[in-house]
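This is what each chain is made of:
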Amino acid sequence: MTEHQAPAICLSLQNPVDDFLRYLRVERQLSPYTLKSYQRQLAALIALLAAIPITDWAKLDAAAVRMLVTRSKRAGLESASLALRLSALRSFLDWLVGQGVIGANPAKGIATPRKGRHLPKNMDVDEIDHLLDINLNDPLAVRDRAMLEVMYAAGLRLSELVGLDCRQVNLDSGELRVVGKGSKERKLPIGKMAITWLNRWLPMRECYAPDDDALFISKHGNRISARNVEKRFAEWGVKQGISSHVHPHKLRHSFATHMLESSGDLRAVQELLGHANLTTTQIYTHLDFQHLTSVYDAAHPRAKRRKP
């Protein structure tokens, strides 16, 4: 392959991907974070294909897909990331089938690598209480406490937290309207502590001359970024003396775990988290077998052993 051939090869692979990403953004209305993930994975695949070289998606077959998997592994991609890459490829190829560009999806029969169950450790209730024990009058500290309270009170995704607008919050009824994955809206209750700190934050918010209706804004008045939230949460974890790294997903995970341990209602927790499938909730909350056994022994008519 010469230097003059490379741009044409890249374009022949890139143009359909651009159309696919446009479809995901406009038709499917996926979040910017999901779109970036698709874009990143497909860009990596294009680079691998150009090196083989394959110049047309229609020439991709199962053997070439296996080669992509092998080369990704050699590049150091772990099983979870490899599964994400294969998922992005399958979705894109399914779309090409729908567009009539290819007749069948060659990635369909390729086994997804087994993912390790390395779920983040949740924080216990005492750690959560210690983390949230922030009682400062500094407006940004009040904002951060409000964000932490809302995140833990409702088990939000990071994208859902930063995407919240003031009009989605009803402090009188203690409810949030959240737009989750696939633009699906759900209504969530929040507790009195979250309401208290939102009531403290909202008047302070006006001091920063907000650009729009964003609930949580930066000191410059624009909607706070996901990266800024991650940074602030991590800093508060250190300041509050939390032994493990504090990040938004850990608070969501802790919410799910604590709710499930207290209620035992898997379907209710599924609804609160906005999971499309119950199996996702089961994995996410990682109930230990001993807890399940105790629930079974207490509830099932034939589980109780007869006394001798």
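Structure shown above.
Right, let's walk through the structure included here.

About the criteria used
Residues numbered from 1 in each chain as written. Predicted model: local features only at pLDDT ≥ 70, side-chain atom pairs only at ≥ 80, totals over all residues. Heavy atoms only, no water. Helix = DSSP H or I, 4+ residues; strand = E, 2+ residues; numbered from the N terminus. Buried < 20%, exposed > 50% of the residue type's maximum accessible area, 1.4 Å probe, protein only. Polar contact = N/O pair within 3.5 Å; in protein donor to acceptor, adjacent residues only side chain to side chain. 1 Å grid on protein atoms, 1.4 Å probe; cavity = no way out; pocket = protein on both sides within 12 Å on 5 of 7 lines; lining within 4 Å. Points joined across faces, edges and corners; volume = space filled by probe spheres on them. Nonpolar A, V, L, I, M, F, W, Y, C, P; charged D, E, K, R; others polar. Pairing = 2+ DSSP bridges.

Comments concerning the environment of Asp-124
- If you trace the backbone, Asp-124 turns up in the loop between helix 4 (79-98) and helix 5 (125-131).
- Under the relative-accessibility criterion, Asp-124 is labelled partly exposed at 39%.
- Separated by 133 residues in sequence, Asp-124 and Thr-257 have C-alpha atoms that sit 9.2 Å apart.
- Reaching out from Asp-124, the side chain makes a polar contact with the backbone nitrogen of Glu-127 at a distance of 2.8 Å.

Quick word on empty space enclosed by the protein
- Taken as a whole and assessed by the stated rule, the structure comprises 1 cavity of 30 Å³ or more.
- Put simply, the parts of the chain that give the lining of the largest cavity at least two residues each are helix 3 (62-74) and helix 4.
- Split by residue class, the lining of the largest cavity holds 7 nonpolar, 1 polar and 1 charged.

Regarding the pairing of strand 2 (residues 175-179)
- Burial along strand 2 is one-sided: Leu-176 and Val-178 are buried, while Glu-175, Arg-177 and Val-179, pointing the other way, are not.
- Strand direction decides the pairing type here: strand 1 (residues 169-170) and strand 2, joined by 2 bridges, are antiparallel. Residue pairing for strand 2: Asn-170 is matched across the bridge by Glu-175.
- As defined by bridge partners, strand 2 adjoins strand 3 (residues 185-189) across 5 bridges and the pair is classed as antiparallel. Along strand 3, the bridge assignment pairs Arg-177 with Lys-187.
- Linking strand 2 to strand 3, which pair antiparallel, is a turn of 5 residues; within it Gly-182 sits at a positive phi near 65 degrees.

Focus on the layout of surface pockets
- Taken as a whole, the second largest pocket spans an internal volume of roughly 320 Å³.
- If you go around the second largest pocket, you meet 19 residues; those closest to its centre are Ser-31, Pro-32, Ser-159, Gly-163 and Val-179.
- Of all the elements in the fold, those that place two or more residues in the lining of the second largest pocket are helix 2 (32-51), helix 7 (158-162) and strand 2.
- Top element by residues in the lining of the second largest pocket is helix 7. It accounts for 3 residues.

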